[in-house]
Amino acid sequence: MFAAKNELFTRPSGAAYEISRSLRFNRPDSAYLTRTPATTTDRKTFTLSFWYKQGSLVDEYYAYALFIVRSAGPTYFRLTVTGSQSGTPLQIRCEDSVGIDVQTTQVFRDPSAWYHIVLAIDTTQATAANRVKFYVNGAQVTAFGTATYPAPNADTNVNTTVAHEIGGSTFTGLEYFSGYMTEFNFIDGQALTPSSFGQTDAQTGVWGPKKYSGSYGTNGFYLNFSDNSNTTAATLGKDYSGNGNNWTPNGFLVSAGVNNDSLVDVPTSFGTDTGVGGEVRGNYATLNPLLAVNNTAQTYSNGNLQITDNGSGSISGFGVSTIDMPSGKWYVEATVTAIGTGATFGIWQLPILATTTFSSQTNYRWYSVDGKIYNASGATANSYATWGTGDILSVAVDMDAGSVTFYKNGTSQGSAITGLTGSWVVGFNPGGSNTIFNANFGQRPFAYTAPSGFKALCTQNLPTPTIGATSATTANKFFDVSLWTGNGSSQSITNGGFQPDWVWTKTRSTVQDSRLVDVNRGVSQALFSQLTNVETTESTGITAFNSSGFSVGSGSSNGNGVTYVGWQWKGGGTGVSNTAGSITSTVSANTTSGFSVVTYSGNSTNATVGHGLGIAPSMIFYKPRNQVEDWLVYHVSIGNADALRLNTTAASFGASAWQSTTPTSSVVYLGAGSTAQTGYNNVLYCFAPVAGYSAFGSYTGNGSTNGPFVFTGFRPRFVMMKRYDTSGTNWQMYDTSANPYNVTGNYQTANLSNAEEFYATMDILSNGFKLRNVDGGINGSANTYIFAAFAENPFKYSLAR
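Structure report, in brief. (Residues numbered from 1 in each chain as written. Predicted model: local features only at pLDDT ≥ 70, side-chain atom pairs only at ≥ 80, totals over all residues. Heavy atoms only, no water.)

## Section: the overall build of the chain
Piece 1. Across its full length, the chain holds 1 helix and 59 strands.
Piece 2. The globule rule puts the C-alpha radius of gyration for 801 residues at 28 Å, and the 27 Å found for the chain is close to it.
Piece 3. Taken over the C-alpha atoms alone, the chain extends approximately 85 × 75 × 50 Å along its principal axes.
Piece 4. By the burial criterion, 61% of the 801 residues in the chain qualify as buried.
Piece 5. Within the chain, contacts between residues separated by at least 24 positions form 67% of all contacts whose residues are at least 6 apart in sequence.
Piece 6. Working note: accessible area of the chain is about 25,200 Å², and carbon and sulfur atoms make up 48% of it. (Helix = DSSP H or I, 4+ residues; strand = E, 2+ residues; numbered from the N terminus. Rg over C-alpha atoms; globule rule 2.2 N^0.38 Å. Buried < 20%, exposed > 50% of the residue type's maximum accessible area, 1.4 Å probe, protein only. Contact = heavy atoms within 4.5 Å. Areas by Shrake-Rupley, 256 points an atom, 1.4 Å probe, with all protein chains shown as cover.)

## Here's the deal with the sheet that holds strand β12 (residues 164-166)
Piece 1. Pairing is antiparallel across the open sheet formed by 8 strands, whose spatial order is β11-β7-β6-β5-β4-β12-β2-β17. Each having just a single partner strand, β11 (144-148) and β17 (248-250) make up the two edges of the open sheet. Shown here is a sheet whose adjacent strand axes are inclined to one another by a mean of 15 degrees, direction ignored.
Piece 2. Pairing analysis gives 3 bridges linking strand β2 (residues 32-35) to β17, with the strands arranged antiparallel. Bridge assignment links Leu33 to a residue of β17, and that residue is Pro249. (Pairing = 2+ DSSP bridges. Axes fitted to C-alpha atoms, helices over the stretch in contact; angles between N-to-C directions.)

## What to know about the nonpolar core
Piece 1. Formed by 59 residues in total, the largest nonpolar core has its most connected members in Tyr52, Phe67, Leu79 and Ile166.
Piece 2. Excluding anything up to four places from it in sequence, Ile166 contacts Phe25, Tyr32, Leu33, Leu66, Phe67, Met181, Phe184, Phe221, Leu223 and Trp247.
Piece 3. Formed by 53 residues, the second largest nonpolar core is a distinct cluster that contains Trp502, Trp504, Phe595 and Met619. (Core = buried A, V, L, I, M, F, W, Y, C linked by side-chain atoms within 4.5 Å.)

## Examining the sheet that holds strand β34 (residues 491-494)
Piece 1. Judged by pairing direction, the sheet is antiparallel, and its 3 strands sit side by side in the order β34-β40-β39 without closing on themselves. Two strands lie at the open edges of the sheet, namely β34 and β39 (542-546), each paired on one side alone. This sheet shows a mean twist of 25 degrees between the axes of neighbouring strands, independent of strand direction.
Piece 2. Inspection of the sheet shows β34 paired to strand β40 (residues 549-552) by 4 bridges, in the antiparallel sense.

## Topic: the layout of surface pockets
Piece 1. Computed from the structure, the largest pocket encloses a volume of approximately 1,000 Å³.
Piece 2. Listed by contribution, the elements that provide at least two residues to the lining of the largest pocket are β52 (694-700), β53 (709-711) and β59 (784-794).
Piece 3. Broken down by element, the lining of the largest pocket gets its largest block of residues, 6 residues, from β52.
Piece 4. Taken together, the residues of the lining of the largest pocket break down into 23 nonpolar, 14 polar and 2 charged. (1 Å grid on protein atoms, 1.4 Å probe; cavity = no way out; pocket = protein on both sides within 12 Å on 5 of 7 lines; lining within 4 Å. Points joined across faces, edges and corners; volume = space filled by probe spheres on them. Nonpolar A, V, L, I, M, F, W, Y, C, P; charged D, E, K, R; others polar.)

## Quick word on the packing of aromatic side chains
Piece 1. Considering all chains together, one arrives at 60 aromatic pairs under this definition.
Piece 2. Aromatic pair Phe184 and Phe221: ring centres 5.9 Å apart, planes at 20 degrees, arrangement stacked. Within this pair, whereas Phe184 is found in strand β13 (residues 179-188), its partner Phe221 is found in strand β16 (residues 221-223), the two being separated by 37 residues in sequence. Neither residue differs from the other here; Phe184 and Phe221 are each classed as buried.
Piece 3. With a centroid separation of 6.5 Å and an interplanar angle of 35 degrees, the aromatic rings of Trp569 and Phe595 are classed as tilted. Residue Trp569 is found in strand β41 (residues 563-569), and its partner Phe595 is found in strand β44 (residues 595-601); the two are separated by 26 residues along the sequence. As far as burial versus exposure is concerned, Trp569 and Phe595 are alike and both buried.
Piece 4. The ring of Tyr180 is capped by Lys53, whose NZ or CZ atom sits 5.7 Å from the centre of that ring.
Piece 5. The ring centre of Phe653 lies 3.8 Å from the NZ or CZ of Arg645, which sits over that ring. (Phe/Tyr/Trp six-rings, centres within 6.5 Å; stacked < 30°, edge-to-face > 60°. Lys NZ or Arg CZ within 6 Å of the ring centre and 35° of its normal.)

## Remarks on the pattern of salt bridges
Piece 1. Per the stated rule, a full pass over the model turns up 19 salt bridges.
Piece 2. For Arg24, the salt bridge goes to Asp261, with nearest N and O atoms at 3.0 Å. Placement of the pair is Arg24 in strand β1 (residues 22-25) and Asp261 in the loop between β17 and β18 (262-263), with a sequence separation of 237 residues. For the residue pair Arg24 and Asp261, the accessibility class agrees, reading buried in each case.
Piece 3. In this structure, Arg515 and Glu538 form a salt bridge, with 2.8 Å as the shortest nitrogen-oxygen distance. Note that Arg515 is positioned in strand β36 (residues 515-518) and Glu538 in the loop between β38 (536-537) and β39, a separation of 23 residues in sequence. (Salt bridge = Lys/Arg side-chain N within 4 Å of Asp/Glu carboxyl O.)

## Some points on unusual backbone geometry
Piece 1. Note that the residue after Leu350, namely Pro351, is joined by a cis bond; omega there is 5 degrees.
Piece 2. Within the secondary structure, Pro351 sits in the loop between β23 (344-349) and β24 (364-368).
Piece 3. Even without glycine at this site, Asn153 takes up a positive phi of about 65 degrees.
Piece 4. With respect to the element layout, Asn153 can be found in the loop between β11 and β12.
Piece 5. Look at Asn153 and you get partly exposed, because its relative accessible area is 43%.

## Concerning the environment of Asp324
Piece 1. Here Asp324 shows up in the loop between β21 (319-320) and β22 (329-338).
Piece 2. For Asp324, a relative accessible area of 15% gives the class buried.
Piece 3. When residues no more than four places from it in sequence are discounted, the contact partners of Asp324 are Leu350, Ser423, Trp424, Val425 and Phe711.

## Structural notes on the side chain of Thr405
Piece 1. Looking at the secondary structure, you find Thr405 in strand β28 (residues 403-408).
Piece 2. On the basis of relative accessibility, which here comes to 14%, the residue Thr405 falls in the buried class.
Piece 3. Residue contacts for Thr405: discarding those within four places in its chain leaves Ser394, Val395, Ala396, Ser412, Gly414 and Ala416.

Structure representation (structure tokens):
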């Protein structure tokens, strides 16, 4: 490798709207921008629009300043992110001393992607709630924990001739923002909607920025932080609205190195990666404070790019990247700013265990300060150079070859270490002794050029997903959730635009059995997930599968005034004969989304049956249709010698259902005494993982409200989980239709006929989910759980949630 020289940036022609830079705000630097308007203008009507990415999530009460107007008196205007990761949640709050206090119920603690915020104030409105409107990622927020609105025609403190500040409050000195901002628009004299600043992408269906083209008004301004030639009001703080309302930066640096606050981490993806860093634009990896092992052992700063040990010497933890590496070639640098004993830098295999020690992880490759390479078995025979303060460490991860190479100051420390499988993340272990690492995933120029073909860890460089990249392949064309209220007659229920081949319905408001129908058995043949019953003919239940959903009749799926949820999966349409196994089956398979419906009859021998997916399924639901028997569930994380029962709270148990043999890319193994008995007509629902769309795995609970973070590689639409190490816990199912914002708590229970319940359980995030409750059903200390998750969007395109 050779030292990188100048930053390269080529803007492709014909591309969509592009944001070139963001500004990093670091709380310890007291970083903020300030401007004092020369004249007072419209104090009743204005709009703020900006994009931000949350930095560290501190465990103490803070108000992170987004936009502040305050003088030495009791008058003020404040837009803040208020709270912390644990304790008071991070919620957005708008206050003005004239009588505004509006605080969201929704929490904002997803540090892995970008949020778009629009605040529109118009005190001339007759309806109180219309005087303060708040939008996140293009959608209006209507649920508030606190909602105090100003009197009609009240004059706010905005647009007065006192200091206006972005990212900090010099009045209190305690409200400095931690994170990134870009595309900051202020419109003086108009209350606008998000459509002036953003639009839904026609291909991905995800909200994104667009250039504001209207008038700004006298005190209006537009900051995009694109000029990083200096830190003056005429460069970094330049107003691009044409008004010349420049802002004075304070506490920022644009010089090369770890303290550079002008980065190419932005909410639009474009550019070509040549390996020098600081080039391609997109959402970059940072360290993930939601996945810190032993959160008391380290702190995060500098936009979650700096990890600092607490210096106790007795405990240690580690932090890992927000983007995982299941495939591709990736290059990451780490500058050692301070060093102690025991520090390591390297990669860790997912899943990360939510324990108090890094050494309990099952698989890793660490380059230690002592010059040795460590894995879960201890030190290997490798003897590399030792390192210390000022050194720059690098890792080149080739997941296509399953190997990793370590570098010190641009020099390879030996041949590639091979044998990597699965998905890995980059990690930093400060070692419990005052170590400080500064990570660079490519959001600024690298100190050394990456090896040929290796790229920065950025969404722009992630592979184009099979599902989610085009309007024809968005996730809701393969799986979707529909909510409806019954009318006691008949109605059509719509989804994202596909004819489903498996529909699972459940009541939300009353006690009633759930119903499962599929294309092979017919829409009138219902099974019940909480019962052992045989299938039942219901002519007035689900009556048809339609091109964009399904129809319900006057029966149990459409009771007058009853609310329902319907989960729907797309298979392959009408089932076809499959002879891949020793038993011929009828299969409706969708190889794109990894789902199939399989029906067959047993013959009382150890047998196989074809599933039609082309890759091995990771989860299978089995039910005999004509026998009073349990549902059996195969899950890859439990193994082929065990099973779970969907209709009970039982733990996993030794079962002959799968012949102790893992499914292959073509067949499922069936046991003579269970899943292949003579006289049993059976159905299987088979699922194979698809990157960016579905995930099937396990996690270990920690019994904390700061629970495990589970990578999925996408923003989930649906999550199902079950504890399997002991009996007594239910199958819980969560979806974003019932939970439009975090904290997610409305859930259904597969093994019960109860109504929907609420228990503040988890945050559904841009790249996975985070447990937020100590309940043993989802996060008991040292308890083990399986999960299944399906996507709303792949992480390549996701916004923060």
